[in-house]
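Tertiary structure, described
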Amino acid sequence: MKSKLFVVLLLTVGLVFSLVGGASAGSTLVFGSSGDAVRLDPADVTDGESIQRMDNIFEGLVEYEAGSVLIQPCLATSWEASADGTEIVFNLREGVKFHDGTDFNADAVVFSFARQYDTTHPFHQYGEWAYWGYMFGDVERMEKVDDYTVKFVLKRPNASIMTSLAMFTVNIVSPSNAEKYKGDAFKNPCGTGPFKFVEWVKDDHITLEANENYWRERAKLDKLIFKVIPDPSARLMALEVGEVHGIEYPNPADLDRIKANSDLNLMSQSGMNVGYMAMNTGYGYIDANKNGMRDIADEPLVKTPGYYEPLTKKKVRQAINMAIDKQSIVDNIYMGTAMVAKNGMPPSMLGYNDDIVDYPYDPARAKQLLAEAGYPDGFEVTLYVMPVSRPYMFDPPKIGEAIQSYLAAVGIDLKFYQVDWGTYLQETEEGNHQMCLLGWTGDNGDPDNFMNVLYGANACSIGTAGNYAFYTNNTSQAFLSAALKTYDSEKRAEYYRKAQEMIHEDAGWVYLAHSVQNIVFRTNVKGYVLNPTSRKFFYPVSVE
């Protein structure tokens with residue numbers, strides 16, 4: 001086993017070396033990623049691997065300040081909101097070019113938004129636009145006022161809208177590029193950002209190059225290459241021998257080794273995330289009009305493809321929560337790089353309910369609940385296990401094995417299902433799973449980005465779900481919707497606290513951990529700044 005692993009590591013390193021001729025050459029930065037992108041259209045993805053590539057190609061009207069979730073101007077130079085908060089007028093930056101040489105202007109902004117919300121738009125057919133439903137259901141339209149002015153119109157006040165506008169989902173794409181490639185535009189991304197797309201070799205690498213006509217100062221890097229190295233040991237070896245300049249999601253067991261290496265720089269920050277196991281509670285809805293919310297009168301609940309009767313019972317889900325020793329998982333698998341999660345959003349966020357008492361590790365009580373639910377001898381169930389490392393769960397297979405052992409002790413026979421990352425996301429959004437490992441890293445620092453996106457009944461749409469437990473509690477959704485409409489922080493917090501009480505009681509998830517985000521670079525990489533959202537911006541990073 002050891003010799004086979006060594007050969008695999010050498011092959012991986014050799015592939016990287018042959019790709020760039022050695023990472024030390026020129027001003028190329030090679031970054032070792034845990035998985036490949038799924039798509040390269042910022043409005044049509046939900047996964048971090050796709051986002052980290054596109055954050056260097058595309059830009060939005062506003063952006064986050066380096067190292068924070070505070071917003072600052074980007075493609076918009078200024079904005080002004082109406083007194084009731086339902087209209088925002090943006091003044092656009094002039095003289096900006098897309099990578100294909102066409103002008104950035106109001107038409108491009110309207111195109112980038114309208115293709116997501118307008119079902120009659122000719123380019124609406126080319127995406128699922130899941131994030132639009134998660135975060136932008138309150139948007140009425142984007143209007144062109146003149147060539148460099150747009151008006152953003154909301155159906156109702158939305159307390160998180162400005163921070164949401166710094167998200168990748170509403171980055172601006174080139175309409176001419178979309179027209180050229182149509183359904184294949186996601187393979188040929190074209191934005192206004194500091195780097196231009198060069199090539200994508202599936203499951204191997206994506207290459208970007210500096211945008212020579214960037215409206216800000218040119219990037220310090222000539223090339224930026226995202227190299228797929230799924231195994232964390234292989235990623236670290238490639239970094240140590242200098243074939244890549246940086247890696248994500250190092251194995252916690254290797255942190256002391258990294259710290260002892262004077263050629264490496266470990267960067268760490270408290271993560272704005274949660275890792276969990278979701279249990280499919282059985283029912284979702286078809287979002288027929290694609291408005292991002294369930295219209296109760298017209299969109300009845302239907303069984304999910306992964307409907308499984310034991311998991312529809314609250315006592316079974318509570319039993320599963322009590323069967324798993326989360327502290328042991330944090331201590332022995334996360335190895336101290338995380339804290340046990342009891343709620344579905346980080347403790348630092350507005351409205352976190354610290355009064356909730358977590359389910360204890362109590363196998364005896366778990367067995368009792370299973371018997372009360374009608375399963376004294378347990379049952380067999382399948383767990384989807386992620387094939388990639390994520391900020392909230394660096395080693396999903398090991399966590400799956402731990403859960404399998406704990407559930408076996410109470411009579412539940414857990415089987416594993418694994419598939420490539422793109423298919424994994426598609427199948428879980430469709431509700432094909434019985435249980436799945438997943439998680440979330442906050443996009444904008446607002447509690448709505450956790451609570452509504454992950455746990456709201458509106459996010460149970462079969463095919464574009466963000467609520468992977470398909471937890472359809474309309475009362476809880478009412479609290480979440482009310483929170484989004486109020487600008488009173490204390491009222492918002494109270495709505496979120498009430499929703500968390502209901503979500504905890506109904507036990508659709510086993511919340512595992514809030515992890516620390518770690519990233520490692522060689523010491524000759526300068527200028528990288530960690531972001532609380534775990535998004536990865538390589539402007540203006542340099543290699544010395």
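Up top is the structure.
The present account deals with the structure reproduced in this document. Bear in mind the structure is a predicted one, so any value in this text is a computation, not a measurement. (Residues numbered from 1 in each chain as written. Predicted model: local features only at pLDDT ≥ 70, side-chain atom pairs only at ≥ 80, totals over all residues. Heavy atoms only, no water.)

What to know about the environment of Ala513
Worth spelling out the cut-off: The secondary structure listing takes helices from DSSP runs of H or I that are at least 4 residues long and strands from runs of E that are at least 2 residues long, numbered from the N terminus. A contact between two residues is defined here by any heavy atoms of the two lying within 4.5 Å.
Structurally, the position occupied by Ala513 is in strand E20 (residues 509-522). As for Ala513 and Asn289, which are separated by 224 residues in sequence, their C-alpha atoms are 36 Å apart. Apart from the residues within four sequence positions on either side, Ala513 is in contact with Asn273, Val274, Gly275, Val330, Tyr334, Ala338, Met339, Val340 and Ala341.

A word on the packing of aromatic side chains
Remark: the centre distance and the inter-plane angle together describe each pair of aromatic rings, the angle taken between the planes. Here is the rule we go by: Two rings belonging to Phe, Tyr or Trp (six-membered ring only in the last case) form a pair when the distance between their centres is within 6.5 Å. Interplanar angles under 30 degrees mark stacking, angles over 60 mark edge-to-face geometry, and anything in between is tilted. Exposure is judged per residue with a 1.4 Å probe applied to protein chains only, and the accessible area is read against the type maximum: over 50% gives exposed, under 20% gives buried, and values in between give partly exposed.
All told, the structure shown has 32 aromatic pairs when counted by the stated rule. Relative to Phe123, the ring of Phe111 lies with its centre 5.2 Å away and its plane at 70 degrees, an arrangement referred to as edge-to-face. Within this pair, whereas Phe111 is found in helix H3 (residues 106-117), its partner Phe123 is found in the loop between H3 and helix H4 (130-135), the two being separated by 12 residues in sequence. Overall, Phe111 belongs to the buried group, its relative accessible area being 11%. Judged by its relative accessible area of 9%, Phe123 is buried. Here Tyr455 and Trp509 contribute two aromatic rings whose centre-to-centre distance is 4.8 Å and whose plane-to-plane angle is 85 degrees, an arrangement assigned as edge-to-face. With a gap of 54 residues between them, Tyr455 in helix H14 (residues 448-455) and Trp509 in strand E20 connect regions that are remote in the sequence.

Side note on the pairing of strand E17 (residues 379-384)
Moving residue by residue along a regular strand, the side chains alternate between the two faces of the sheet. Heads up, the condition is: Any two strands with at least two DSSP-identified bridges between them are counted as paired. Here the term right-handed applies to a crossover when the path leading from its first strand over the helix to its second strand runs clockwise, the strands being oriented away from the viewer.
Across six bridges, E17 lies against strand E18 (residues 412-417) in parallel orientation. Directly across from Tyr384, in E18, lies its bridge partner Tyr417. Considered for its hand, the β-α-β crossover made up of E17, helix H12 (residues 396-408) and E18 is right-handed.

Remarks on the pattern of salt bridges
To keep things clear, this is the line we draw: Salt-bridge detection follows one rule: a side-chain nitrogen of Lys or Arg within 4 Å of a carboxyl oxygen of Asp or Glu.
One pass over the full model with this rule turns up 33 salt bridges. A salt bridge links Lys202 to Asp36; its shortest N-O distance comes to 3.8 Å. With Lys202 in the loop between strand E8 (195-201) and strand E9 (205-210) and Asp36 in the loop between strand E1 (28-33) and helix H2 (48-54), this pair connects stretches of sequence that are 166 residues apart. When the shortest N-O distance is used, the salt bridge between Asp41 and Arg115 registers 2.8 Å. Residue Asp41 is located in the loop between E1 and H2, and its partner Arg115 is located in helix H3; the two are separated by 74 residues in the primary sequence.

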